[in-house]
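Given next are the chains, with one letter for each unit.
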Amino acid sequence: MAFVSRGFRGRPRRDVDPARIPPGQYVVDDFPVLSAGPTPRTETADWSFRIDGEVDDAPTWTWDELMALPQETFTVDIHCVTKWTKLDTTWTGVSIDTLLEGVDTEAEHVVAWCDGDYTTNLPLEDVTGGRAWLVHTFEDEPLGREHGGPARLLVPHLYLWKSAKWVRGLSLSIDDRPGFWEQAGYHNYGDPWREQRYWSD
Ligand SMILES: Nc1nc2c(c(=O)[nH]1)N[C@H]1C(S)=C(S)[C@@H](COP(=O)(O)O)O[C@H]1N2
Ligand SMILES: [Mo]
């Protein structure tokens, strides 16, 4: 009888291409929840999304307006700084490129802000080029509140703390403004392939 040790944390899995796993990470089948505070509840009727800061006219979208934009469904691997990696996660949402269409800015940085106090900073470049989305659906189901529903940022090429849950806006700025975990000692950029976990990495 073939025995496949799925779901055992830290166990090497022979069905996974090691080239997909960043240094120091192990593969999980479950989806851990990591939240720095209580889980906010925002009904979609009260939800809006805003791009503000270094922009002339800050665009906003209601939930219905977000849903009317072109939607993308895509499958990516996600990597948490606490060392778990989850392969082949499928999401649906709107590319940040779509939200930035028509936004004229001198900014080079963004801070994602959320319901609750959480913030995280990224280079503007890293939320463009088809590399970041505002997602509302996970594996064909509405995104659970514990994972950031109704909508979260998803930036899979960086450690998952950059993927702000319950995100409500992006603030564009000329200067870089470290967010919640970045001020607490996490790496400012957070590339899992270069194992940029902490400021000293
Ligand atoms: N608003 C908000 N977003 C957040 C967090 C948080 O505490 N608040 N935690 C971050 C961290 S540290 C991680 S690892 C991921 C965890 O996402 P998950 O709970 O869906 O696994 O969300 C990130 N986004
Ligand atoms: Mo995290």
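None of the values given here were measured: they were computed from a predicted structure.

Help me out: how do you make sense of the overall build of the protein in this one?
Regarding its fold elements, the protein presents 3 helices and 11 strands. Along the chain direction, N to C, the helices and strands of the protein fall in the order β-β-β-α-β-β-α-β-β-β-β-β-β-α. If you take every contact in the protein between residues at least 6 apart in sequence, the share linking residues at least 24 apart comes to 64%. Accessible area of the protein: about 10200 Å², with a carbon and sulfur share of 49%. Measuring between centres, the 19 positive side-chain charges of the protein sit 11 Å from its 34 negative side-chain charges.

So what exactly am I meant to see when it comes to the sheet that holds strand 7 (residues 119–123) here?
In a beta sheet, neighbouring strands are held together by backbone hydrogen bonds and run either parallel or antiparallel to one another. Strand order in the open sheet formed by 5 strands is 3-2-11-6-7, and the pairing between neighbours is mixed. The sheet terminates laterally at strand 3 (60–62) and strand 7, the two strands that pair on one side only. Strand-to-strand twist in this sheet, taken as the mean axis angle between neighbours without regard to direction, amounts to 15 degrees. With 3 bridges connecting them, strand 2 (residues 48–53) and strand 3 associate as antiparallel partners. Bridge assignment links R50 to a residue of strand 3, and that residue is T60.

It is not clear to me how the site of ligand 1 should be interpreted in this structure. Could you clarify?
The local shell around ligand 1 holds 20 residues, among which P32, A36, H147, R152 and K165 are the closest. H147 has a polar side-chain atom sitting 2.6 Å from an oxygen atom of ligand 1. A distance of 2.6 Å separates an oxygen atom of ligand 1 from a polar side-chain atom of K165. In the complex, 97% of the free accessible area of ligand 1, which totals 530 Å², lies under the protein chains. In terms of residue class, the shell around ligand 1 is built from 14 nonpolar, 3 polar and 3 charged.

What is the right way to read the packing of aromatic side chains from this model?
Any two aromatic rings considered together are summarised by their centre-to-centre distance and by the angle between their planes. Scanning all chains against the criterion turns up 14 aromatic pairs. Centroid distance Y118 to F180: 5.7 Å. Interplanar angle 40 degrees. Geometry classified as tilted. With Y118 in the loop between strand 6 (109–114) and strand 7 and F180 in helix 3 (residues 180–183), the pair connects residues that are 62 residues apart, well separated along the chain. Measuring from centroid to centroid gives 5.8 Å for Y186 and Y198, while their planes differ by 75 degrees, and the two rings are edge-to-face. Here Y186 is found in the segment after helix 3, whereas its partner Y198 is found in the segment after helix 3, with 12 residues between them in sequence. For Y186, a relative accessible area of 14% corresponds to the buried category.

Looking at this model, I keep getting lost on the environment of E54. Mind explaining?
With respect to the helices and strands, the residue E54 is situated in the loop between strand 2 and strand 3. Non-local contacts of E54, meaning those with residues more than four positions away in its chain, are made with D104, T105, E106, A107, L172, S173 and I174.

I keep staring at the pattern of salt bridges and nothing clicks. Help me out?
Close approach of charged atoms allows side chains of opposite charge to pair. Summed over all chains, the structure comprises 10 salt bridges. With its nearest N and O atoms 2.9 Å apart, the salt bridge here joins R20 to D77. Here D77 lies in strand 4 (residues 72–79) and R20 lies in the segment before strand 1 (26–27), a separation of 57 residues in the sequence. For D77, a relative accessible area of 18% translates into the label buried. The residue K162 makes a salt bridge to E182 at a minimum N-O spacing of 2.7 Å. Of the two residues, K162 sits in the loop between strand 10 (152–154) and strand 11 (167–173) while E182 sits in helix 3, which places them 20 residues apart along the sequence. Summarising the burial analysis for this pair, K162 and E182 share the class buried.

Would you mind going over the environment of V81 with me for this structure?
Note on placement: V81 falls in the loop between strand 4 and strand 5 (84–95). Distance from V81 to L160, taken between C-alpha atoms, is 7.0 Å for residues 79 residues apart in sequence. Not counting the four nearest positions on each side in its chain, V81 is found in contact with Y159, W161, Y186 and R197.

Rules of the game
- Residues numbered from 1 in each chain as written.
- Chains lettered and ligands numbered in written order.
- Predicted model: local features only at pLDDT ≥ 70, side-chain atom pairs only at ≥ 80, totals over all residues.
- Heavy atoms only, no water.
- Helix = DSSP H or I, 4+ residues; strand = E, 2+ residues; numbered from the N terminus.
- Contact = heavy atoms within 4.5 Å.
- Areas by Shrake-Rupley, 256 points an atom, 1.4 Å probe, with all protein chains shown as cover.
- Lys, Arg positive; Asp, Glu negative; His and termini not counted.
- Charge placed at Lys NZ, Arg CZ, Asp CG, Glu CD.
- Pairing = 2+ DSSP bridges.
- Axes fitted to C-alpha atoms, helices over the stretch in contact; angles between N-to-C directions.
- Near = heavy atom within 4 Å.
- Polar contact = N/O pair within 3.5 Å; in protein donor to acceptor, adjacent residues only side chain to side chain.
- Nonpolar A, V, L, I, M, F, W, Y, C, P; charged D, E, K, R; others polar.
- Phe/Tyr/Trp six-rings, centres within 6.5 Å; stacked < 30°, edge-to-face > 60°.
- Buried < 20%, exposed > 50% of the residue type's maximum accessible area, 1.4 Å probe, protein only.
- Salt bridge = Lys/Arg side-chain N within 4 Å of Asp/Glu carboxyl O.

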